[in-house]
Amino acid sequence: MPNINSVGPRFPFYISGQVVKGFGRGSKQLGIPTANLESQVVNDINLNNGIYYGFSQIQVSTRPFYIVRLTHQKKLLTCHRLKSYKVTVILFQVPESEVKKNAVFSELKQIGDQRVSPIYLMCCSLGTNPYFQNETKSLEVHILNNFGYDFYGCNLRVAICGFIRGEKNFGSLSELIDAINADIEFTKQQLSNEEKWESVKNNEFFIKLV
């Protein structure tokens, strides 16, 4: 279930939700991959649209979980009874072969029935992205780490720690890319003092690796 919790007058703002398929342009058009959080989480974020910086952590369940799929055995049913359906139980689990070859999983530490990443720097865009004229609000998180793989379905924990700038339109795609790269450098500068942000990274919101 999505979890949203704000601490303090405004920041840090803690968000947790599932990574879903986004617009497919972060890596392809911009060369800057992003993780999109599910809309149920995004719609409940009480922050102004804009660009923010902070920290993130990836969480993957390695415990098998089950989905029960019900399918009709008959075309016409006079009543909805369980015996009128074919019941199929599907087992889902992250295969060990995928864990070994996937760069995301290789960095994660096994803790109980889940794998958890270190805490990474991130910058994110909250809003409708005027350049692309999105119709719906989104939260696109760029994690400052080179994975090389998608991690749809994983849980992403995000601590938004500060505001960079508001949303704006750009005259060209190259101008947008330059602005994003400037946001990334600003993020690195703002979060370079580890002692200053120790309380955020040690917050119980994040999963401890030791």
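Bear in mind the structure is a predicted one, so any value in this text is a computation, not a measurement.

Caption draft 1: Examining the pattern of salt bridges more closely. Counted by the stated rule, this structure contains two salt bridges. Its salt-bridge partner being E185, residue K188 comes within 3.5 Å of it at the nearest N-O pair. Residue K188 and its partner E185 are both found in helix α5 (residues 173-190); the two are separated by three residues, about one turn of the helix. We classify K188 as partly exposed; its relative accessible area is 37%.

Caption draft 2: Here's a closer look at the pairing of strand β10 (residues 138-143). With six of six residues buried, β10 is to be regarded as a mostly interior element. Residue alternation in β10 divides its side chains into two sets, S138, E140 and H142 and L139, V141 and I143, and both sets are buried. Where strand β3 (residues 35-37) and β10 come together, two bridges link them in antiparallel fashion. Bridging from a neighbouring strand, N36 pairs with E140 of β10. Note that strand β9 (residues 120-127) and β10 share six bridges and pair antiparallel. If you follow S125 over to β10, its bridge partner there is E140.

How each quantity is defined
- Residues numbered from 1 in each chain as written.
- Predicted model: local features only at pLDDT ≥ 70, side-chain atom pairs only at ≥ 80, totals over all residues.
- Heavy atoms only, no water.
- Salt bridge = Lys/Arg side-chain N within 4 Å of Asp/Glu carboxyl O.
- Helix = DSSP H or I, 4+ residues; strand = E, 2+ residues; numbered from the N terminus.
- Buried < 20%, exposed > 50% of the residue type's maximum accessible area, 1.4 Å probe, protein only.
- Pairing = 2+ DSSP bridges.

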